[in-house]
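# Descriptive analysis of the structure
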Amino acid sequence: MRWMQNLSSSKRLALGALGLVLLGASGKAFGQTLGATTAVSNADNAWMLVSSALVLMMSGPGLALFYGGLVRKKNILGTMMQTFAMMAVITVLWAFVSYSLAFGVGNAFIGGFHNVFLHGVPADRPITEYATTIPGQTFMVYQLMFAIITPALITGAFAERMKFSAMLVFMILWALLVYSPMAHMVWGIGGLLNASLGGKFPCLDFAGGTVVHVTSGVSALVTCLYLGKRLGYPQKAMPPHSVVLSFVGACLLWVGWFGFNAGSALAAGGLATSAFVNTHFGAAAAAIGWLAAEWIRNGKPSALGGISGSVAGLVAITPASGFVTPMGALWIGLIAGVFCFFMVVKVKNIFGYDDSLDAFGVHGAGGTLGAILTGLFANSGIQAIFGAGKPTGFFEGNHHQIVNQLVGVAIAWTISIVGTLIILFVVDKLIGLRVSEDDEREGLDISQHGEEGYDFENA
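Residues numbered from 1 in each chain as written. Predicted model: local features only at pLDDT ≥ 70, side-chain atom pairs only at ≥ 80, totals over all residues. Heavy atoms only, no water.

## Re the overall build of the protein chain
Within the protein chain, the secondary structure is distributed over 15 helices and 0 strands. Its C-alpha atoms give the protein chain principal-axis dimensions of roughly 105 × 50 × 45 Å. Counting all 459 residues of the protein chain, 53% fall into the buried class. Of the contacts formed within the protein chain by residues at least 6 apart in sequence, a portion of 75% connects residues at least 24 apart. When the accessible surface of the protein chain is summed, it comes to about 19000 Å², and 69% of that surface belongs to carbon and sulfur atoms. (Helix = DSSP H or I, 4+ residues; strand = E, 2+ residues; numbered from the N terminus. Buried < 20%, exposed > 50% of the residue type's maximum accessible area, 1.4 Å probe, protein only. Contact = heavy atoms within 4.5 Å. Areas by Shrake-Rupley, 256 points an atom, 1.4 Å probe, with all protein chains shown as cover.)

## Looking at a negative patch on the surface
Taken together, the side chains of Glu442, Glu452, Asp455 and Glu457 define an acidic patch exposed on the protein surface. Within the secondary structure layout, glutamate 452 lies in the segment after helix H15 (444-449). (Patch = residues over 30% accessible without salt bridge, like charges linked within 9 Å, V, L, I, M, F, W, Y side chains within 5 Å. Salt bridge = Lys/Arg side-chain N within 4 Å of Asp/Glu carboxyl O. Lys, Arg positive; Asp, Glu negative; His and termini not counted. Charge placed at Lys NZ, Arg CZ, Asp CG, Glu CD.)

## Re the layout of surface pockets
In this structure, the largest pocket occupies an estimated 790 Å³ of space. In terms of lining residues, the largest pocket is bounded by 30 residues, among which Leu304, Val344, Lys348, Ser356 and Asp358 are the most central. Contributions of two or more residues to the lining of the largest pocket are made by helix H3 (42-70), helix H9 (270-298), helix H10 (303-317), helix H11 (326-351) and helix H12 (359-377). With 5 residues, the top contributor of residues to the lining of the largest pocket is H11. Here the lining of the largest pocket is built from residues that sort into 17 nonpolar, 7 polar and 6 charged. Roughly 600 Å³ of internal volume is contained in the second largest pocket. Along the wall of the second largest pocket there are 26 residues; nearest its centre are Tyr130, Ser196, Ser264, Leu266 and Gln383. Elements represented by at least two residues in the lining of the second largest pocket include exactly helix H5 (136-154) and helix H6 (164-187). No other element matches the 4 residues that H5 contributes to the lining of the second largest pocket. (1 Å grid on protein atoms, 1.4 Å probe; cavity = no way out; pocket = protein on both sides within 12 Å on 5 of 7 lines; lining within 4 Å. Points joined across faces, edges and corners; volume = space filled by probe spheres on them. Nonpolar A, V, L, I, M, F, W, Y, C, P; charged D, E, K, R; others polar.)

## Things to note about the side chain of serine 264
Topologically, serine 264 is positioned in the loop between helix H8 (243-262) and H9. Under the relative-accessibility criterion, serine 264 is labelled buried at 13%. Once residues within four sequence positions are removed from consideration, serine 264 is found in contact with Tyr142, Phe146, Phe206, Ala207 and Gly259.

## As for the packing of helix H4 (residues 76-103) against H6
Running from N to C, H4 and H6 point in directions that differ by 40 degrees, and their axes come no closer than 9 Å. Between H4 and H6, the interaxial angle falls into the category oblique. Helix-helix and strand crossings are classified by hand; for H4 and H6 the assignment is right-handed. Looking at side-chain class alone, the contact of H4 with H6 contains 21 nonpolar, 4 polar and no charged residues. (Axes fitted to C-alpha atoms, helices over the stretch in contact; angles between N-to-C directions. Parallel < 35°, antiparallel > 145°, perpendicular 65-115°, else oblique. Left-handed = near helix turned anticlockwise from the far one by under 90°.)

## Some words on a nonpolar patch on the surface
A cluster of nonpolar side chains, Val169, Tyr226, Ile417, Val418, Leu421, Ile422, Phe425, Val426, Leu430 and Ile431, forms an exposed patch at the surface whose accessible area comes to about 830 Å². Top contributing element to the nonpolar patch by residue count: helix H13 (residues 401-430), with 7 residues. With respect to the helices, strands and loops of the structure, isoleucine 417 is situated in helix H13.

## Considering the confidence of the model for the protein chain
When pLDDT is averaged across the protein chain, the result is 92; 92% of the residues are at 70 or more. Scored below 50 in pLDDT, residues 1-38 shows 6 contacts in the model against residues more than four places distant or in partner chains. (pLDDT = per-residue confidence, 0-100.)

## A closer look at unusual backbone geometry
Cis rather than trans, the peptide bond between glycine 60 and proline 61 has omega equal to 15 degrees. The step from tyrosine 233 to proline 234 runs through a cis peptide bond, and the omega angle for that step is 5 degrees. Following the sequence through the fold, proline 234 ends up in the loop between helix H7 (209-227) and H8. Notably, glutamate 160 is not glycine yet its phi reads approximately 80 degrees, a positive angle. The residue glutamate 160 is located in the loop between H5 and H6 in this model. The phi dihedral of aspartate 358 is positive, around 60 degrees, even though this residue is not glycine. Within the secondary structure layout, aspartate 358 lies in the loop between H11 and H12.

## Details of the packing of aromatic side chains
On inspection of all chains with the given rule, the structure shows 20 aromatic pairs. With a centroid separation of 5.7 Å and 70 degrees between ring planes, the pair formed by tryptophan 94 and tyrosine 99 is classed as edge-to-face. The buried category is assigned to tryptophan 94, whose relative accessible area is 2%. Centroid distance phenylalanine 103 to tyrosine 130: 5.4 Å. Interplanar angle 90 degrees. Geometry classified as edge-to-face. On the criterion of sequence distance, the pair formed by phenylalanine 103 in helix H4 and tyrosine 130 in the loop between H4 and H5 is long-range, its members being 27 residues apart. Ring pairs connect the aromatic residues Trp94, Tyr99, Phe103, Tyr130 and Phe139, which therefore count as one cluster. (Phe/Tyr/Trp six-rings, centres within 6.5 Å; stacked < 30°, edge-to-face > 60°.)

Here it is in structure tokens:
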């Protein structure tokens, strides 16, 4: 730069100062641009990807083993395949259209088609309406795991008697017509029940009490009533063929549930910690409650009772996990353990319906109870979702919240009953729902898949 050498020292100093100012300004602008493209928190994103994997683990192997052990051995593969099929089929459906219907911009009841084929769902930046520190695709795939396990839960009610082909068609239609609208109403932009985005009836559902458990549990009851009882039920005993498999599956569900609930904080912060603690406390208290009730009634606590109680507690604490204190979680779990035991042991026998693996008694009843108890125990000290200084739950002074919770439960029950009945009727008329009597006697493994779960002759 020869021209600079001809300048006086004072002019060179002035130019140097101007250069520093310009460099600082451009550096600031560069920093702002960099910040805009790196608003994603690596820590939050890592936690959410791990949580997504944990929730998927709840389906396979967790639920697959839990349900697989509870059926007769001639139906283990058929039962496990139903859960596995959801992992594949619902994933493709979610990418095509279900995500858009659940979380796309629409009306108060259903999303739109703006995000079909995942259009506008970025991998490098957030969708700020849902989460500000994780990529849009991380949020999308996390929610996918919920969409997978929810219909898989229904399979426990019709275990050992529905055709595999009918199950596939039923679940695809159910995911579109029941799950997607309910997810949008509770969690979607502009949803009728969305508590964080100004829904008309703000229903507190942190991780899926109404969206997952009430819808699946109530739909399970409708399905088992529509299909009718298994051959020989209840005259013929149909005990689980392997409580050991169910035990392992239940423990995997317990561990995976930390991703289910604590992951619903959508960040690796204090709210995730609160949900994590509450999840564990609720499951533990419910296991004790179920075992105590069983011990009093039968004189012995069973392994099956213990794991059933823990799952009931996990179900009930799900909507409350991000809203209650640890002591509130203990109360919710204890009440749920006793209540779900009563539903499975007493109510089921009184009415005589064949809910094969107690999907309604645990998920439908437990989810309904949990949603209502959330309205009682929610505490603004855990999450002031209605604003600083405003009470959240009934015991804190927000008495109207119980009404909102009941509205959410009523909508979930209604859409589940009506939607499931319509879908069952259509599928039954088109291809038939139930396997033949000969196929049912032979078992789903052979009749639906041409293989056996256990081959003792060639072992």
